[in-house]
Amino acid sequence: MAWARVSLWALCALRVALATVYFQEEFLDGERWRNRWVPSTNDSRLGHFRLSSGKFYGHKEKDKGLQTTQDSRFYAISARFPPFSNKGRTLVLQYTVKHEQKMDCGGGYVKLFPADLDPRTLNSQSPYYIMFGPDICGFDFKKVHVILQFKNEYHANKKTIKCKVDGFTHLYTLILRPDLTYEVKIDGQSTELGSIEHDWHLTSLRKTAAMVVAAAADTDQGRARTAQDWKKHFLDARANKPSDWNSELDRDWPGPMLQKPPYQDGLKPEGINPDIWLHEKMSSTSYLTQYDLSEFENIGAIGLELWQVRSGTIFDNFLLTDDEAYAENFGKATWGQTKGPEKEMDDILIKEELIRAREEEEDELLEGRGHKPQDAFRPFHRRQEL
């Protein structure tokens, strides 16, 4: 039994060792993050980021991340990594986001970009592959975006996935698998899953592709018939006119007997496709593989490109990998270790704020300002749902 446990741990360790980590960022080296993350200079009015763990946290250093600092601003910043393709492989995109402020309207999502992205010109029009994460605006709009690019168009998941709206740090995970299934996790728990083919309307795209393939096949068959007809009239120069030839009955025949033209071996008359047999042997499924929304050939950058009315959001613990187990373990080692202490510190701050509010109220009453207890300042509690 002990041997079995050792073998199991060995297998788990081997799997983690085999995981490919394309990008990982925890901001543990102080201000050196500025060597990796490049702010856009596309607009002088863009908001600025700073490294901060916020007013309350689970660990002062481990919880430091990129924090938005200016209200009513667009933000644009990105980091590059060696380009890769996820074709035939699982892709896991994961990060943490904390709306420390009382978020009223603003984005908390991330984007994956092609490797040819110019970080200095990053803006809302920059092409991206994936957009994933929470977006909040007012009381009605509180959702997790999962948008995938296909043929320069963006397709959103048709399901509504609710996001967290309190002020604590939350872990967001998107998994795209090569079997065209996906899963969205929040705080390590599966929130939504299903078929990419169905939930991004890929079925209709495949039908359109099938029609294109069928039309191409009809065209190829037509060309083949043309070639066959041409070959029927491709007479040998040594042939003689039949003895029963009747010029009146056969007046549609184009004049004298056709002679074999001087084409060299391997050449075909103009208009005849020399590769017709190749088209006839091609399988239509090879064409349809281009319609897999979960595959991207040249992933090379990750970034934040969003708008916020009220600033204060902190982004941290970015991860891109091909291994779901590695992502789960990374989430437990980061967010999983600090989520409890973060709430404990928040409870302490709330109690301190209440004590200060009562003391201020008592001072005002003593000074005769006439304020009633119910008018006392009530601090926003971060567990409150908007």
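This section reports on the structure supplied with the text. Owing to the predicted nature of the structure, the values given are computational and were not obtained by experimental measurement.

If you walk through the whole model with that rule in mind, you get 16 aromatic pairs. Look at Phe56 and Phe168: their rings are 6.0 Å apart centre to centre, the planes differ by 90 degrees, and that puts the pair in the edge-to-face class. Of this pair, Phe56 sits in the loop between strand 3 (49-52) and strand 4 (65-68) while Phe168 sits in the loop between strand 11 (153-156) and strand 12 (169-176), and the two are 112 residues apart along the sequence. Residue Phe56 is classed as buried on the basis of its relative accessible area of 0%. Against the face of Phe56 rests Lys98, its NZ or CZ located 4.1 Å from the ring centre. For Lys343, the ring lying beneath its charged end belongs to Phe168, and the centroid distance is 5.5 Å.

Time to look at the nonpolar core. Trp37, Ile130, Phe132 and Phe318 are the most contacted members of the largest nonpolar core, which has 59 residues in total. Sort the elements by how many residues they give to this core and strand 5 (residues 73-84) lands first, with 6 residues. Apart from residues no more than four positions distant in its own chain, Trp37 is found in contact with Phe23, Glu25, Phe27, Leu66, Ile77, Ser78, Ala79, Ile302, Gly303 and Phe318. If you look at the next biggest cluster of nonpolar residues, it comprises 7 residues, including Ala19, Leu319, Ala327 and Phe330.

A separate point is the pattern of salt bridges. Between side chains of opposite charge, a pair can form as their charged atoms come close. Here the structure, examined in full by the defined rule, presents 16 salt bridges. Taking the shortest distance from any N to any O, the salt bridge between Arg34 and Glu31 comes out at 2.8 Å. Of the charged contacts, one joins Asp322 and Arg89 as a salt bridge, the two residues approaching to 2.5 Å between their closest N and O atoms. Placement of the pair is Asp322 in the loop between strand 16 (313-321) and helix 6 (324-333) and Arg89 in the loop between strand 5 and strand 6 (91-99), with a sequence separation of 233 residues. Three or more residues are tied together by salt bridges with common partners; here these are Glu25, Asp29, Arg32 and Arg36.

What counts and what doesn't
Residues numbered from 1 in each chain as written. Predicted model: local features only at pLDDT ≥ 70, side-chain atom pairs only at ≥ 80, totals over all residues. Heavy atoms only, no water. Phe/Tyr/Trp six-rings, centres within 6.5 Å; stacked < 30°, edge-to-face > 60°. Helix = DSSP H or I, 4+ residues; strand = E, 2+ residues; numbered from the N terminus. Buried < 20%, exposed > 50% of the residue type's maximum accessible area, 1.4 Å probe, protein only. Lys NZ or Arg CZ within 6 Å of the ring centre and 35° of its normal. Core = buried A, V, L, I, M, F, W, Y, C linked by side-chain atoms within 4.5 Å. Contact = heavy atoms within 4.5 Å. Salt bridge = Lys/Arg side-chain N within 4 Å of Asp/Glu carboxyl O.

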